[in-house]
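Spelled out, the chains give:
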Amino acid sequence: MKPILHTENLSIAFGGLKAVDAISMSATPHEITTVIGPNGAGKTTLFNLISGALKPGSGKVYLDGKDVTRFGPAQLQHAGLARSFQITNLFFEMTVRENLRLASQILEPISHAVRPLRRTGRAARKVDELIERFDFHDKVHEQVGYLSHGEQRRLEIAMCLACEPKLLMLDEPTQGMSHADTDETEELIKSLTQNVSILLIEHDIGIVMSVSDHVIVMHQGQKIADGTPAEVRANPAVQAAYFGHG
Ligand SMILES: Nc1ncnc2c1ncn2[C@@H]1O[C@H](COP(=O)(O)OP(=O)(O)OP(=O)(O)O)[C@@H](O)[C@H]1O
């Protein structure tokens, strides 16, 4: 199947440090692809390169077959990429519904940008759909600052989906969550693949093994393994670099 995301020899160096070193990887549509690796392996830098926050020294990024290497974050959003920034995209003094409404506004024609928000139309329908999907019925009028951490993280993912992306990038979506919230979020993420492809960074190896279709392992800027969760777990280089034994 044609990959939804594909990088070719993607590289960036900070001074003499090759933070991302010739990474070629791909993500399959409607799957969860997870990038793992020890601290400092280059996972966040790889995410920054893919999402346009950093420009690569060399290499290419293709989204749904299109070369997006030089695109900035806004262009990438229009091309179908969404990245969750761990609740930093939320407006804490606004309600859940207001946050979702703002995120969904991108679905309205540009000519409606300066008009009052419409109660009908595509953006309003999207808000209702997300409230239903993410089970925010009881919280729609709650100010986001009063939600639990788990609910805030869930809302951020919902907001990322408001613009109907092709690829959703999530950086440790369950970090800081209770066990119950983690289990719920894991199930939610799995269910999202019906509509979107997911690229994940995750440290918790239990979560990696349970949610991933495909795992990419980085170590010191390089890709050292690529395969199913079982394949990478059995790989001696991965065990040495990541699990601390080999
Ligand atoms: N802007 C920068 N300037 C200089 N060095 C940087 C910069 N960003 C990252 N690095 C370095 O690049 C390497 C990779 O960092 P990165 O944050 O991508 O790793 P990571 O795998 O995401 O780590 P962690 O799991 O700890 O978040 C590290 O050695 C880091 O110190």
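Preceding this paragraph is the structure being described.
Keep in mind that this is a model prediction, so the values were computed, not measured.

**Q** In this structure, what is going on with the overall build of the protein? I would like to understand it.
**A** The helix and strand inventory of the protein stands at nine helices and ten strands. For a compact globule of 246 residues, the expected C-alpha radius of gyration is about 18 Å, and the protein comes in at 18 Å, within 12% of that figure. Taken along the three principal axes of its C-alpha coordinates, the protein extends 55 × 40 × 35 Å. When burial is assessed residue by residue, the protein has 39% of its 246 residues classed as buried. Relative to all contacts within the protein whose residues are 6 or more apart in sequence, the contacts with residues 24 or more apart total 65%.

**Q** Any chance you could explain the site of the ligand here in plain terms?
**A** The environment of the ligand is made up of Phe14, Leu17, Ala19, Gly37, Asn39, Gly40, Ala41, Gly42, Lys43, Thr44 and Thr45. Taken together, the elements giving at least two residues each to the shell around the ligand come down to β2 (17–27) and α1 (43–50). The element best represented in the shell around the ligand is α1, accounting for three residues. Its residues assigned to classes, the shell around the ligand comprises four nonpolar, six polar and one charged.

**Q** I tried to follow helix α3 (residues 96–104) on my own but got confused; where do I start?
**A** Residues spaced three or four apart along an α-helix face the same direction, because each turn holds 3.6 residues. All of the buried residues along α3 are Val96, Asn99, Leu100, Ala103 and Ser104. Seen from one end, α3 has its buried residues packed into an arc of 130°, which puts them on one side. Buried residues along α3 sit against α4 (122–133) and α5 (149–161).

What counts, and where the lines are drawn
- Residues numbered from 1 in each chain as written.
- Predicted model: local features only at pLDDT ≥ 70, side-chain atom pairs only at ≥ 80, totals over all residues.
- Helix = DSSP H or I, 4+ residues; strand = E, 2+ residues; numbered from the N terminus.
- Rg over C-alpha atoms; globule rule 2.2 N^0.38 Å.
- Buried ≥ 20, exposed ≤ 12 C-beta atoms within 10 Å, placed from the backbone.
- Contact = placed C-beta atoms within 7 Å.
- Near = placed C-beta within 6 Å.
- Nonpolar A, V, L, I, M, F, W, Y, C, P; charged D, E, K, R; others polar.
- Arc of directions from axis to C-beta.

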